[in-house]
Amino acid sequence: MEEALYSDLGFFNTDQVRSDKEGDFLTSPEVSKYFGKIIRNWIHSESNLKNIIEIGSGTGSLIEQIGIKEITAVELSSTAREELIKKGIDTHATIDELTTKTSDLIFGNEILDNIPCSIGLYKDEGWYEKVVLLEENSLAYGLRPIRNKELDWINKNNIVPNEDYEFEIQVNIDKFLNSVIKKINPGKILLFDYGYEQKNRDKRMYSSLLRTYKNHHLSVDPIDDPGNTDITYDVNFSSISSELKYLGYDVTLKLQRDFLLDNGFNIFFDELQEKYIAAEGIEKLKINSELNGMKAIVDSNGLGGFYCLIAEKL
Ligand SMILES: C[S@@+](CC[C@H](N)C(=O)[O-])C[C@H]1O[C@@H](n2cnc3c(N)ncnc32)[C@H](O)[C@@H]1O
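On to the domain arrangement of the protein chain. Partitioning the protein chain into domains gives domain 1 (2–116 + 171–263 + 294–313) and domain 2 (118–156). The interface is formed by 11 residues belonging to domain 1 together with 10 residues belonging to domain 2. Between domain 1 and domain 2 lies a buried interface of about 800 Å² when both sides are counted; carbon and sulfur atoms form 63% of it. Together, V171, D174 and I223 form the three largest contributors to the area buried by domain 1 at its contact with domain 2, with a combined 59%.

Take a look at the structure:
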């Protein structure tokens, strides 16, 4: 996953921007500018947040929509970084490049699901990892005894062995959160992503939650077209909540829909609807499309059903 997404030939480093209408997936800020406007309401409702940093900024749409000056972007993809720099946004490739040592708020949309995971399998009363074998002209899957860190993750998250599942092991998300906190000690963390709570894993009908996307559609097995498909998985938010609690944060988990409704969605929606009634012609069509974008980001069966995690340093 690391190679396929982030190497020089990786999905995020070709000359194409991935997170827009011409790309391979659409995220909330690309669907509706009100996503950022509502986050701005939330930021203003918190007391005087300075040194705000976005991780995994993509094209920078969300920073633009929030519209608060001096939000710094951290973005691994060189293609996306070019877009951010064009927009005049202070941009860095990694957290380690930042000169600041503190931040009142770090936020990110759909970054966790792109942080490479490992795959654990339980078989004949033992844990294994699914690995990718480099064969002469192709890639294939193999099994290896599980590594210690992966096994520790399984144990600390009380994962119940089940031979019917492949388990996405989020060691790298934990490492990432640890390094962010060590480097800039954020007062608050705000993350949005698709995922699930562990108690509900059985309700997901799939044995594996890892999948690929290309041109806005589900695509092939990850090893069939590496570098040309987005590889992603549903994020285990119970694991992230417990890691952040362990790191000294108070954690609130809610649905994206509820976050948006709690922070002024209806006021924006009603204003836009009034404009729609008064508008004519092309203007009316434009407003209608904005209303549809707003409906999409709160739709419980779509983007509104994503999780929103708010962590606050104790
Ligand atoms: C699915 S895109 C989301 C982009 C944007 N946040 C949006 O909502 O449209 C995920 C982005 O996170 C970036 N990313 C992944 N891991 C990262 C990391 N460790 N540090 C910075 N950016 C990262 C990827 O390069 C990619 O641009």
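Resuming the write-up.
Together, D124, E125, E163 and D164 give the surface a local cluster of negative charge. Within the secondary structure, E163 sits in the loop between α6 (148–156) and β8 (166–169).

Attention shifts here to the nonpolar core. In this structure, I39, L190 and F259 are the most contacted members of the largest nonpolar core, which totals 36 residues. No other element matches helix α3 (residues 34–45), which puts six residues into this core. Beyond its immediate stretch of four places on either side in the chain, L190 contacts I39, W42, L105, I106, F107, G108, F259, C308, L309 and I310. Listed in part, the 29 residues of the second largest apolar core include I55, L177, V180 and L247.

So, about unusual backbone geometry. The phi dihedral of N51 is positive, around 55°, even though this residue is not glycine. Relative to the elements of secondary structure, N51 occurs in the loop between α3 and β1 (52–55). Classification of N51 by relative accessible area gives partly exposed; the value is 42%. Despite not being glycine, D124 has its phi angle at roughly 45°, a positive value. Looking at the secondary structure, you find D124 in the loop between β5 (118–123) and β6 (126–134). D124 sits in the exposed class, given a relative accessible area of 61%.

Calculation criteria
- Residues numbered from 1 in each chain as written.
- Predicted model: local features only at pLDDT ≥ 70, side-chain atom pairs only at ≥ 80, totals over all residues.
- Heavy atoms only, no water.
- Domains from an automatic or database assignment.
- Contact = heavy atoms within 4.5 Å.
- Buried area = accessible area lost by both parts, 1.4 Å probe.
- Patch = residues over 30% accessible without salt bridge, like charges linked within 9 Å, V, L, I, M, F, W, Y side chains within 5 Å.
- Areas by Shrake-Rupley, 256 points an atom, 1.4 Å probe, with all protein chains shown as cover.
- Salt bridge = Lys/Arg side-chain N within 4 Å of Asp/Glu carboxyl O.
- Lys, Arg positive; Asp, Glu negative; His and termini not counted.
- Charge placed at Lys NZ, Arg CZ, Asp CG, Glu CD.
- Helix = DSSP H or I, 4+ residues; strand = E, 2+ residues; numbered from the N terminus.
- Core = buried A, V, L, I, M, F, W, Y, C linked by side-chain atoms within 4.5 Å.
- Buried < 20%, exposed > 50% of the residue type's maximum accessible area, 1.4 Å probe, protein only.

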